[in-house]
Amino acid sequence: GSNRVLLKNGKYAYKVIVPSGIFSGSDMIELASRAKGFGSGNIRLTYDQNIFIVDIDKSALDALESTTIISKYKAFNNIYFNDMIACAGTKTCSFGVIPNKPDAIEMAHFLNSEIAIDSGMVRMNWSACPKGCGVHGIADIGFEGCKAKDDEGNRVDGVHIFIGGKITRVAKEARVLHKTLPITEAKYHIKYLLQTYAQYKQRGETFEDFENRFLSTKYSYQAIGFMTKINYILNEKLDLGIKLELNNEPKTYKKENFEIIDFGMRLFKLLTDESRFAGVDNEFEPILSQPRKITRDEVSIINPKVPKKLSEVIYMMTDPNKKSRASVFSELIVQLKGV
Ligand code: SF4
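Note on numbering: residues in each chain are counted from 1, in written sequence order. Note on the predicted model: pLDDT of at least 70 is required for a residue's local features to be given, and 80 or more for side-chain atom pairs to be given and counted; whole-chain, interface and lining totals, by contrast, use all residues. To get the side-chain values, take all heavy atoms of the structure and skip hydrogens and water.

**Q** Help me understand the overall build of the chain, please; the structure alone is not making it clear to me.
**A** Every helix listed is a DSSP run of H or I at least four residues long, and every strand listed is a run of E at least two residues long, numbered separately from the N terminus. On a plain count of helices and strands, the chain comes out with twelve helices and nine strands. Dimensions along the principal axes, computed over C-alpha positions, put the chain at roughly 80 × 40 × 35 Å. Relative accessibility thresholds used throughout: buried, under 20% of the residue-type maximum; exposed, over 50%; partly exposed, between the two (1.4 Å probe, protein chains only). Residues classed as buried in the chain amount to 52% of the 339 residues present. Accessible surface computed for the chain: about 16,100 Å², of which carbon and sulfur atoms make up 50%. For every accessible area listed, the method is Shrake-Rupley and the probe measures 1.4 Å; residues are considered covered only by the protein chains on display.

Here it is in C-alpha cells:
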C-alpha cells in the first residue's frame, strides 16, 4: 500500500498517519517498542505531522500492520488525512481563533464519507490564526481561522479558504477562494471543489497538478468560488438536488463576463427546464433572433421552489442588455448572501 516506502538499504519504512498531529505519550511508547521489534528502533517525524517507522524487512510488514497500534490509526489512512497539517489551535495556543485540530479532523472524515478518492493527493493545511503556523499559504486547500457570522447573525467559528498553493516544481502562494465562512458551511464548499477533482482528475493526478492543468487553466478563481457557493445554496440551503458543474471545455477563456452568462444560462435551464436564449455567439453575447423577455422573478414563477432573490441573481447574470448585466462574480456573491 501507499504507507510502505522502499528505502535505499532495501528495507521498508512504514507511514503511520496521525490525525492532525494528535498522538498521545502512551501511543508513542507503544510505537517505539514496535519500531524496536520490527525495525531498527528508529522513527522519523514528518513535517506534515505523520510518523515513519524505518528499516523494516519486507517480510515483517504484514505482521507490523496487524499490531494494535497500527490498526488503531488505520481509520485515518485516506487522502484527506495523509497530507493534512493543523496547527495547535485554541486548546494550546493563546493566539488561536478556532479549535482547529478537531475542525480539520471533522472535515477530513466528512470529505472521506462524501467523496472517497483512492489514488490522488490533496494537501489541506489549517492555521487557527493569521500567523499561519499551519502553512495554509502553500496548501492545495488552506484554511485560516477567523470569526464568522451564521445566517442568524451569530458569531461562530469560521475560516478563510485558500486554494492553489504549490510546493512541488515551483513555490506559489495559495489564493483566496472565500473569506469568512462559518466552518459548518465551509465543508460543503470543499466538497464541491473535490467533487470536481474526482470528476476530472487523471489517474493518480495530485490536486496540485489538477489545479494547474484544469482549475486555474480553464476558470477564473472567482468562477470557481461562485460554483462552490451556488451549489451550497442549491443543495444544502434549498435542498433542490441540482448541481452546477464545471465544464471540461468551457470556451469562456477565464473571462468573468463570459463565465457569468454561461453559468446564468445553465442555472436557468437547470432550474426551469427551459432555455433562456437560443444560444450565445463567439463573444458570449446572447443570440436574440427570437428574444425571450423575462421578468426578474421569472425563475421563481416557473419553479416556485426558487426564492425570488436567486431568480433575481440569475436575471442579473443573463440580462440581454450588456450594460446592465452583472460583469463580476463578487457582486453576485454579495447578492446571494440573502438567499
Ligand atoms: S497559527 Fe496561530 S493559533 Fe496556530 S499555532 Fe500559530 S500562532 Fe498559534
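**Q** What is the right way to look at the pattern of salt bridges in this model?
**A** Salt bridges are defined by distance alone: a side-chain nitrogen of Lys or Arg within 4 Å of a carboxyl oxygen of Asp or Glu. Applying the stated criterion across every chain, the model contains 19 salt bridges. In this structure, Asp62 and Arg4 form a salt bridge, with 2.8 Å as the shortest nitrogen-oxygen distance. Within this pair, whereas Asp62 is found in helix α2 (residues 61-65), its partner Arg4 is found in strand β1 (residues 4-6), the two being separated by 58 residues in sequence. The salt bridge partner of Glu245 is Lys243, with a shortest N-O separation of 3.7 Å. For Lys243, a relative accessible area of 31% corresponds to the partly exposed category. Each of Arg4, Asp62 and Glu65 takes part in one network of salt bridges that share partners.

**Q** Which parts of the structure should I look at to understand the pairing of strand β2 (residues 12-16)?
**A** The side chains of a regular strand alternate, residue by residue, between the two faces of the sheet. The element β2 is largely enclosed, with a buried count of five among its five residues. Burial along β2 is two-sided: the residues Tyr12, Tyr14 and Val16 and Ala13 and Lys15 are all buried. Relative to β2, β1 runs antiparallel, the two sharing three bridges. Bridging across to β2, Val5 finds its partner in Ala13. Any two strands with at least two DSSP bridges between them are considered paired. In this structure, the hairpin formed by β1 and β2 is closed by a connection of five residues, where Gly10 is found at a positive phi of approximately 85°. The pairing of β2 with strand β4 (residues 51-56) spans four bridges and is classified as antiparallel. Within the sheet, the bridge partner assigned to Lys15 lies in β4 and is Phe52.

**Q** Hey, could you run me through the site of the ligand in this one?
**A** Definition of nearness: a residue and a molecule or strand are near each other if at least one heavy atom of the residue lies within 4 Å of the molecule or strand. For the ligand, the full set of nearby residues is Cys87, Ala88, Cys93, Phe95, Gly96, Ala128, Cys129, Lys131, Gly132 and Cys133. Any residue outside Ala, Val, Leu, Ile, Met, Phe, Trp, Tyr, Cys, Pro, Asp, Glu, Lys and Arg is labelled polar, Gly included; the first ten of those are nonpolar and the last four are charged. Classifying every residue of the shell around the ligand gives seven nonpolar, two polar and one charged.

**Q** How should the sheet that holds strand β7 (residues 141-149) be read in this particular structure?
**A** Backbone hydrogen bonds hold the strands of a sheet together, and the pairing may be parallel or antiparallel. Read across the sheet, five strands follow the order β5-β6-β7-β8-β9 without closing on themselves; strand pairing throughout is mixed. The open sheet is flanked by β5 (85-86) and β9 (175-182), the only strands paired with a single partner. As defined by bridge partners, β5 adjoins strand β6 (residues 124-127) across two bridges and the pair is classed as parallel. Following the sheet pairing, Ala86 is matched in β6 by Trp126. Contact criterion: two residues are considered in contact whenever any of their non-hydrogen atoms come within 4.5 Å of each other. Think of each axis as a best-fit line through the C-alpha atoms, taken over the contacting stretch in the case of a helix, with angles from 0 to 180 degrees between the N-to-C directions. Seen against the sheet, helix α8 (residues 221-237) touches β8 (155-163) and β9 and runs at an angle of roughly 30° to β9.

**Q** Where do I start with the packing of aromatic side chains in this structure?
**A** Where two aromatic rings form a pair, the distance of their centres and the angle of their planes describe that pair. Two aromatic rings from Phe, Tyr or Trp, using only the six-membered ring of Trp, form a pair when their centres are within 6.5 Å; if the ring planes differ by under 30 degrees the pair is stacked, by over 60 it is edge-to-face, and anything between is tilted. Within this structure, the stated rule accounts for 16 aromatic pairs. Look at Tyr200 and Phe214: their rings are 4.6 Å apart centre to centre, the planes differ by 20°, and that puts the pair in the stacked class. Of this pair, Tyr200 sits in helix α6 (residues 183-200) while Phe214 sits in helix α7 (residues 207-218), placing them 14 residues apart in sequence. Tyr200 gets classed as buried once you look at its relative accessible area, which sits at 18%. Overall, Phe214 belongs to the buried group, its relative accessible area being 0%.

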